[in-house]
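# Coordinate analysis (summary)
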Amino acid sequence: MSDLTDSSTWQELKQHHDRLLNVSLSDLFKEDEVRASSFSRSVADLSIDFSKNLIDQDVVDCLLKLANESDLKNKISAMFRGDKINFTEHRAVLHTALRDISDQPVFVDGVNVKPQVQAVLGRMTKLANLINNRQLNGATGKIIKNIINIGIGGSDLGPASAYLALKDYTNKDLVVRFVSNVDYSDFYNAVVDLDPAETLFIISSKTFTTEETMTNTQSARLWIVDALGESAIEKHFIAVSTNKTAVELFGINLNNMFEFWDWVGGRYSLCSAIGLSLMIAIGSDNFYAMLGGFNKMDQHFFNSSFDTNLPVLLALISIWYGNFWQTQTSAIIPYSYNLARLPAYLQQAVMESNGKSVDINGNLVDYQTSPIIWGEPGTNAQHAFFQLLHQGTILVPVDFIGFIKANNKDNKIHHDKLMANMIAQAEALAFGEKQSLSQGDDLSSRHQMFTGNKPSTFILGKKLTPEIFGELIAMYEHKIFTEGIIWGINSFDQFGVELGKKLAKNIYQEIISDSLLSNHDASTVSLIKKMKDV
Ligand code: F6P
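Residues numbered from 1 in each chain as written. Predicted model: local features only at pLDDT ≥ 70, side-chain atom pairs only at ≥ 80, totals over all residues. Heavy atoms only, no water.

## Comments concerning the domain arrangement of the protein
The condition is simple: Domain start and stop points were drawn from an automatic or database domain assignment. Residues are treated as being in contact if the distance between any of their heavy atoms lies within 4.5 Å. In short, buried area is how much 1.4 Å probe accessible area vanishes from two parts on joining, totalled over both.
In terms of domains, the protein is made up of domain 1 (3-66 + 305-435 + 449-462), domain 2 (109-287) and domain 3 (499-532). Placing the centre of domain 1 and that of domain 2 at their C-alpha centroids yields a distance of 36 Å. The interface is formed by 14 residues belonging to domain 1 together with 13 residues belonging to domain 2. Both faces combined, the contact of domain 1 with domain 2 buries some 1200 Å², and carbon together with sulfur accounts for 50% of it. Contact with domain 2 buries area across many residues of domain 1, yet N338, Y345 and Q348 alone supply 48% of it, more than any other trio.

Quick look at the structure:
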């Protein structure tokens, strides 16, 4: 047994689980008239109502004890002050410094990183303003109007999902697109209707070695050079990276490079220069407002006691289900169509961070770590997989995310209907329908039975603004951190993605050449052969 599962708090939580197994949410609400407010918290412009979870105050107290015993407070301080908590890669983890515009220095290897952050933000602002003011010209003198971000994973999901989330704030005179997949269709579809002379590529890659991004970048280079000649590269390519050497090698002038640093994890990089395409799309003021939102949640996470701390409470609820109710998945259902890519963004943030089975001491863990994150926007999700949530055999904790106000003045009817659905789903999942339960004798009525007792957390923002989007994302980032600390794992490396990349490189060589296929299993050999036959 690990120290964690052996701890008296863990054992106590197991007993709480057994105690609550036969208690319904209806009972819990009946017993406690103030339950809804006792289990609601708010900070800045976000509130969470976690009263429809299978918890009571004893459970929450015990979970808070678990957080305290993990030394979470000190671990948070260590991250914010720049300790190299990503110890497997010997790196600090300082995405919080990217959105802290105070003068407070933050040191990495004795160097205050804040001036560098400000300098890059300043250069980003300059470029974003130039483009928004129609003052950036391509090689032929035409005005740049099309921005294509090429990147994948953290160099795509953050800006791409934020761009969609903040669509109402974007400059409609610009075309902003995101290319990530090595499937040529992705690149082709992004450029097919564009004029190369009006197009700027932003090559976003922390390492500047990622196969998909480099392949798409080569295609972009061909597309520009074919139309405008080799000399046009300088005016049509920008790099965002930590790797100056690779950027130069590719032929991009370092004056056209926006730097970030190894202490920014890919999946935590939206507030770095990786957000350049987003800043161009929404303008620098809105980008700064988003940074302000991130920072508000950072401060809340850093300063608040755990029982009022949104990220900590969300993490504890997640641990409660995964480790004590043995749920394996968790659904994120935004009732905001503009948050359609949020589940994908959080999939990387959560699963690449916490999908680990070895703890910080190198021991195999004997408890579940990251759940599978999945989801789609409501109400579409209701017409797809909510059947299983209501009547299936597995328990799926849900995060509902919605906003009190619509973004567009004209859509009050739509918005009220949307939010009515969100509130109704949380109610239906929690309480089911008693009437059908009482028709116990009639077997056929079972098909229409809603047993309820399905947990959810209701996350409500005032409006989907850049600032509140920042608060929301930072809340999830720190939730992930908290879970990682309690599980005793390193949330900031991602070695699990490497083997597949290595094998794909070899297999690609085997597909395009006559090389032998001796090191593979029979199935893999046969699949490679099929590719060679065409
Ligand atoms: O393969 C996973 C990963 O390394 C992610 O962690 C990262 O966000 C993504 O690839 C892209 O990496 P890069 O920004 O270096 O191109």
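## Thoughts on the side chain of Q348
Operational definition: A run of H or I in DSSP counts as a helix once it spans at least four residues, and a run of E counts as a strand once it spans at least two, with each numbered from the N terminus. The rule is simple: take the accessible area with a 1.4 Å probe, protein chains only, and divide by the maximum for that residue type; under 20% is buried, over 50% is exposed, in between is partly exposed.
Residue placement: Q348 occurs in helix α16 (residues 342-354). A relative accessible area of 13% means that Q348 is categorised as buried.

## Considerations on a nonpolar patch on the surface
Threshold: Patch construction takes residues with relative accessible area above 30% that form no salt bridge. Like charges are linked within 9 Å, and nonpolar side chains (Val, Leu, Ile, Met, Phe, Trp, Tyr) are linked within 5 Å. Here the open area of atoms and residues is found with the Shrake-Rupley method and a 1.4 Å probe, where only the protein chains shown may cover a residue. A carboxyl oxygen of Asp or Glu within 4 Å of a side-chain nitrogen of Lys or Arg is what we treat as a salt bridge.
On the surface, Y184, Y188 and V192 cluster together into a nonpolar patch covering about 310 Å² of accessible area. For Y184, the position within the fold is in helix α9 (residues 184-191).

## Here we look at the packing of aromatic side chains
Spelled out, the test is: When two rings of Phe, Tyr or Trp (its six-membered ring) have centres within 6.5 Å they constitute a pair, described as stacked for plane angles under 30 degrees, edge-to-face for angles over 60, and tilted for the intermediate range.
The full count for this structure, using the stated rule, is 23 aromatic pairs. Seen in terms of ring centroids, Y163 and F178 are 5.6 Å apart; in terms of plane orientation they differ by 50°. Their pairing is tilted. Placement of the pair is Y163 in helix α8 (residues 157-165) and F178 in strand β6 (residues 175-179), with a sequence separation of 15 residues. According to the relative accessible area criterion, F178 is buried, its value standing at 16%.

## A closer look at the pattern of salt bridges
Scanning the model with the defined rule gives 22 salt bridges in all. Here K142 and D195 are joined by a salt bridge, their closest N and O atoms 2.6 Å apart. In this pair, K142 is assigned in the loop between α7 (114-132) and β5 (146-150) and D195 in the loop between α9 and β7 (199-204), connecting sequence segments 53 residues apart. Judged by its relative accessible area of 25%, D195 is partly exposed.

## Let's talk about the sheet that holds β6
What counts, and what does not: Two strands are counted as paired when DSSP detects at least two bridges linking them. Orientation is described by lines fitted to C-alpha atoms, with helices fitted over the stretch in contact, and by angles between N-to-C directions that extend from 0 to 180 degrees.
Read across the open sheet, the five strands follow the order β6-β5-β7-β8-β9; overall the sheet is parallel. Of all the strands in the sheet, the pair left with one neighbour each is β6 and β9 (257-259). The mean inter-strand angle of the sheet, taken between neighbouring strand axes irrespective of direction, is 20°. In the sheet, β7 pairs with strand β8 (residues 237-241) via four bridges, with the strands oriented parallel. Residue S204 lies in a different strand from β8, and its bridge partner there is V240.

## Concerning the site of the ligand
To keep it simple, the criterion reads: The nearness test applies per residue and asks whether one of its heavy atoms lies within 4 Å of the molecule or strand. Within 3.5 Å is the distance limit for a polar contact, defined as a pair of N or O atoms, with the added protein rule that one can donate a hydrogen and the other accept it, and that residues adjacent in sequence qualify only through two side-chain atoms. Each residue gets one label: Ala, Val, Leu, Ile, Met, Phe, Trp, Tyr, Cys and Pro are nonpolar, Asp, Glu, Lys and Arg are charged, and the others, such as Gly, are polar.
Around the ligand sit 14 residues, and of these S155, S205, T207, T210 and E352 come closest. The separation between an oxygen atom of the ligand and a polar side-chain atom of S205 is 2.6 Å. At 3.1 Å from an oxygen atom of the ligand is found a side-chain nitrogen or oxygen belonging to K501. Across the complex, the protein chains shield 88% of the 400 Å² of accessible surface that the ligand would expose by itself. Classifying every residue of the shell around the ligand gives two nonpolar, nine polar and three charged.

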